[in-house]
Amino acid sequence: MKEHYDVVVIGSGPGGLAAALAAKRAGADDVLIIERDQELGGILLQCIHNGFGVEIFGEDLPGPSYAQRFINEVHDLGIETLLDAMVLEITRERTIYATSAQTGFSKLQAKAIVLAMGCRERTRAQIRIPGMRPSGVYTAGTAQRWVNVEGYMPGKQIVILGSGDIGMIMARRLTFEGAKVERVLEVMPYLSGLSRNYVQCLLDFDIPLQLRHTVKRIIGRERVEAVEAVAVDEQWIPVPGTEAIIPCDTLLLSVGLIPENELSQQAGVRLDPVTGGPFVDEGYHTNIPGIFAAGNVVHVYDLVDWVTEAGFAAGESAARYAMCGAETARIPPIPTTAGENVRYVVPHLVNPERLSQAEVRLQMRVRQPLEQPVWIQVHDRETLVTRRAARYARPGEMVNVTLRERDYDKVRQSKELRVSIVPH
Amino acid sequence: MPETTDEMICITCPVGCTLQVTHNGETLLHVDGNTCSRGLGYVERELTDPRRMVATTVRVRGGLHPLVPVCTVEPFPKPRIFELLGALRHIEIEAPVKMNQVVLEDALGTGVDVVASRDMPGTGS
Ligand SMILES: Cc1cc2nc3c(=O)[nH]c(=O)nc-3n(C[C@H](O)[C@H](O)[C@H](O)COP(=O)(O)OP(=O)(O)OC[C@H]3O[C@@H](n4cnc5c(N)ncnc54)[C@H](O)[C@@H]3O)c2cc1C
Ligand code: SF4
């Protein structure tokens, strides 16, 4: 291992792997990936179901196969890796402090850093379920790792709180392994994951989904014995008289993911309070020069293909920064803003000049589901910059709209790029 | 059989179109709501011979992890999924394992192979 690198990537999920590959291909000589796990691949290694790669490869791959393709390429290109190593701190000046069982404590200097630490799961403490604290309450991702990688079951009779993708996928997985999944409870009036997962994970196996329901109380002293489910109204207030006791030995929580940004904050990276991830431009540059970010660390994706795409963009910009230093933009970057029915937009800034080299994909989430044809439109005040039609827009499914070369003139003259999603 | 219209969600790709399917038992009459032509193929198959990709794990001896993930190479008949899972539970393979290595050939005589989803190095390597 060296002390100086052109580009150091922190995290080896699909975002980090793509960033490292792109940086190397763009001409950065010394590229290092630091990963705290004992192998490369990130969370995909435990996502053994298929459904990955449809956009990028046009194939329907299991998570580990998707990761393996990129891991093989990382090795083929001679990108250095430091495994079983945890990054403890990064500074504004891009000094990295890491500790590992193999090499002990190390201090590295990078010309550019790509943050690709992914996200973590919300836990019981963050959603405040009252009741005892028996064993048998886990996050769905923890259970996924146990069942798919380590080989043991969290329990036999399961209730899942939250209709996120990981929860639904675990409902099927645990059913495959012989457990009985009693039901999935969702506090919102709509599904929070992909509709296809509702079909192939719940409907296929007659696992009931109850919308507008939550867990009121966990029952059991040593081990979970039951949960009390209850219907809620629009304000999430329990509706008296709807309580039901569901016997079970395990409660899995699939109640959302939060970008993992402790490290970023130490270096002074500014976070968007809505996404929980850094403010970035179209090259995934954060507010700190030379620090880039890609993947779930920026905002939570539902499709890995877009994580890879973001990783490529971040890696390429990081390599450019490492080799040429900061670019001075001739035209100031244009801010994107969330308009009607849009919760947030990533990237937060767009450099119009980028459009002469590449397309820029604006990614967003809607506030309210629209089960009818919609326009995904970008305005500068009253002027329409671009728009595209979609059949519907659902909060569980990330939406995007692409700025192209032909939009350059309009974008260049814009004061803002306001994105809204409205009925046709 | 009487003509009926059911709502179905296409699971071929992550878009997940909601389809209005008019059919007469297994005979497809009309589909509405599909963004692309694959939606039509999905409905035809779903009415006559529903299939799903099946992903699970099998035991591996001497590997970095005690299990290796495996997956069918193409969609497998839905009614026989649990039978397939039962067959895979009896399989144990040796590390090192290579991605796409066949773990169960021609599973239950359906012509569908089950393969490893990743490499699994041995503990020593
Ligand atoms: C539990 C869970 C299950 C998921 N299941 C699915 C699914 O089934 N289907 C799907 O499409 N998407 C799923 N997702 C979403 C999935 O995370 C993304 O599609 C994609 O894997 C994100 O890639 P990433 O590179 O941003 O992050 P990750 O794949 O999470 O990779 C981040 C990596 O950074 C490493 N890291 C973090 N901090 C440090 C540090 N300080 N030092 C060193 N290394 C560090 C981690 O160990 C990890 O390997 C899941 C997410 C989670 C959390
Ligand atoms: S109809 Fe086409 S676009 Fe819609 S879910 Fe099926 S495959 Fe995807």
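Residues numbered from 1 in each chain as written. Chains lettered and ligands numbered in written order. Predicted model: local features only at pLDDT ≥ 70, side-chain atom pairs only at ≥ 80, totals over all residues. Heavy atoms only, no water.

**Q** So what's going on with the packing of helix α1 (residues 14-25) of chain A against helix α2 (residues 63-76) of chain A? Which residues, and what values?
**A** All names here are of chain A. The interhelical angle for the contact between α1 and α2, taken along N-to-C directions, is 30 degrees, at an axis separation of 10 Å. The angle between α1 and α2 places the two elements in the roughly parallel class. Every pair of crossing elements has a handedness; the one defined by α1 and α2 is left-handed. Listed contacts from α2 to P14, L17, L21 and R25 of α1 are Y66, A67, F70, I71, E73 and V74. (Axes fitted to C-alpha atoms, helices over the stretch in contact; angles between N-to-C directions. Helix = DSSP H or I, 4+ residues; strand = E, 2+ residues; numbered from the N terminus. Parallel < 35°, antiparallel > 145°, perpendicular 65-115°, else oblique. Left-handed = near helix turned anticlockwise from the far one by under 90°. Contact = heavy atoms within 4.5 Å.)

**Q** Tell me what's going on with the pattern of salt bridges, and back it up with residues and numbers.
**A** According to the stated counting rule, one finds 33 salt bridges over all chains in the structure shown. A salt bridge links D204 of chain A to K78 of chain B, with the nearest nitrogen and oxygen atoms 3.2 Å apart. Residue D204 of chain A is found in the loop between α6 (195-202) and β13 (209-211), and its partner K78 of chain B is found in the loop between β7 (76-77) and α2 (81-89); the two belong to separate chains. Looking at K78 of chain B, the relative accessible area reads 26%, which means it is partly exposed. For R418 of chain A, the salt bridge goes to E416 of chain A, with nearest N and O atoms at 3.3 Å. Several salt bridges converge on common partners, so that one network encompasses D204 of chain A together with E46, R52 and K78 of chain B. (Salt bridge = Lys/Arg side-chain N within 4 Å of Asp/Glu carboxyl O. Buried < 20%, exposed > 50% of the residue type's maximum accessible area, 1.4 Å probe, protein only.)

**Q** Please set out the domain arrangement of chain B residue by residue, giving values where relevant.
**A** We note that the domain assignment places domain 1 (4-48) and domain 2 (55-116) within chain B. Between domain 1 of chain B and domain 2 of chain B, the C-alpha centre-to-centre distance is 30 Å. (Domains from an automatic or database assignment.)

**Q** Run through helix α5 (residues 165-176) of chain A, naming residues and quoting values.
**A** All names here are of chain A. Taking 1.5 Å as the rise per residue, α5 with twelve residues should run 16 Å; its terminal C-alpha atoms sit 17 Å apart, in good agreement. Burial of α5 is extensive: eleven of the twelve residues sit out of reach of the surface. All of the buried residues in α5 are D165, G167, M168, I169, M170, A171, R172, R173, L174, T175 and F176. Of the residues trailing α5, G178 is marked for its positive phi of about 100 degrees. (Expected span 1.5 Å × (residues − 1).)

**Q** Describe the side chain of T308 of chain A, and please don't skip the residues or the numbers.
**A** Residue and element names in this part refer to chain A. Within the secondary structure layout, T308 lies in helix α8 (residues 304-324). Since its relative accessible area comes to 0%, T308 is described here as buried. With sequence-adjacent residues up to four places away left out, T308 is seen in contact with P14, A18, I56, Y66 and F70.

**Q** Give me the lowdown on the sheet that holds strand β24 (residues 374-380) of chain A, citing residues and values where you can.
**A** Residue and element names in this part refer to chain A. The strand order across the open sheet formed by five strands is β22-β20-β27-β24-β25, and the pairing between neighbours is mixed. For this open sheet the edge positions go to β22 (349-350) and β25 (383-390), each flanked by a neighbour on one side alone. Relative to β22, strand β20 (residues 334-338) is paired through two bridges, and the arrangement is antiparallel. Paired with P335 across the two strands is L349, which belongs to β22. (Pairing = 2+ DSSP bridges.)

**Q** Pulling in residues and values, what's your account of the site of ligand 1?
**A** All names here are of chain A. Ligand 1 sits among 32 residues. The nearest are G15, E35, H49, V87 and N296. Contact between ligand 1 and R36: an oxygen atom at 3.1 Å from a side-chain N or O atom of the residue. Coverage of ligand 1 by the protein chains reaches 94% of its 970 Å² of free accessible surface. Contributing elements (two or more residues each) for the shell around ligand 1: α1, β6 (85-90), α4 (140-150), α5 and α8. (Near = heavy atom within 4 Å. Polar contact = N/O pair within 3.5 Å; in protein donor to acceptor, adjacent residues only side chain to side chain. Areas by Shrake-Rupley, 256 points an atom, 1.4 Å probe, with all protein chains shown as cover.)

**Q** Outline the sheet that holds strand β2 (residues 18-24) of chain B, listing residues and values.
**A** Residue and element names in this part refer to chain B. On the basis of which strands lie adjacent, the open sheet formed by three strands has the order β1-β2-β3 and antiparallel pairing. Looking at strand neighbours, the two that pair on one side only are β1 (4-9) and β3 (27-32), the edges of this open sheet. Neighbouring strand axes in the sheet, compared pairwise and without regard to direction, differ in orientation by 30 degrees on average. Across six bridges, the pairing between β1 and β2 is antiparallel. Bridge pairing links M8 to L19 in β2. In the packing of helix α1 (residues 38-48) onto the sheet, contacts are made with β1, β2 and β3, and the angle to β3 comes to roughly 145 degrees.

**Q** Hey, could you go over the side chain of D281 of chain A for me, with residue numbers and the actual values?
**A** Residues and elements named next belong to chain A. Considering the arrangement of structural elements, one finds D281 in the loop between α7 (262-266) and β19 (291-293). This buried residue, D281, is left without a salt bridge; R320 holds the nearest opposite charge, at 8.1 Å. In terms of polar contacts, D281 uses its side chain to reach the backbone amide nitrogen of G283, at 2.8 Å. Among the polar contacts made by the side chain of D281, one reaches the main-chain amide nitrogen of H285 at a distance of 3.0 Å. Apart from the residues within four sequence positions on either side, D281 is in contact with P347, L349 and N351. (Lys, Arg positive; Asp, Glu negative; His and termini not counted.)

**Q** Tell me about the domain arrangement of chain A, and please be specific about residues and values.
**A** Residues and elements named next belong to chain A. Domain boundaries assigned for chain A yield domain 1 (1-120 + 257-327), domain 2 (123-255) and domain 3 (331-424). One C-alpha centre belongs to domain 2, the other to domain 3, and the line joining them spans 35 Å. Across the contact, five residues belong to domain 2 and six residues belong to domain 3. Taken as a group, Y190, L194 and S195 account for 78% of the area that domain 2 buries against domain 3, more than any other trio of residues on that side. Taken together, the connections running from domain 2 to domain 3 amount to zero salt bridges. (Buried area = accessible area lost by both parts, 1.4 Å probe.)

**Q** Can you break down the site of ligand 2 residue by residue, with the values?
**A** Neighbouring ligand 2 are C10, T12, C13, G16, C17, N34, T35, C36, R38 and G39 of chain B. For the shell around ligand 2, the residue count by class is four nonpolar, five polar and one charged. (Nonpolar A, V, L, I, M, F, W, Y, C, P; charged D, E, K, R; others polar.)

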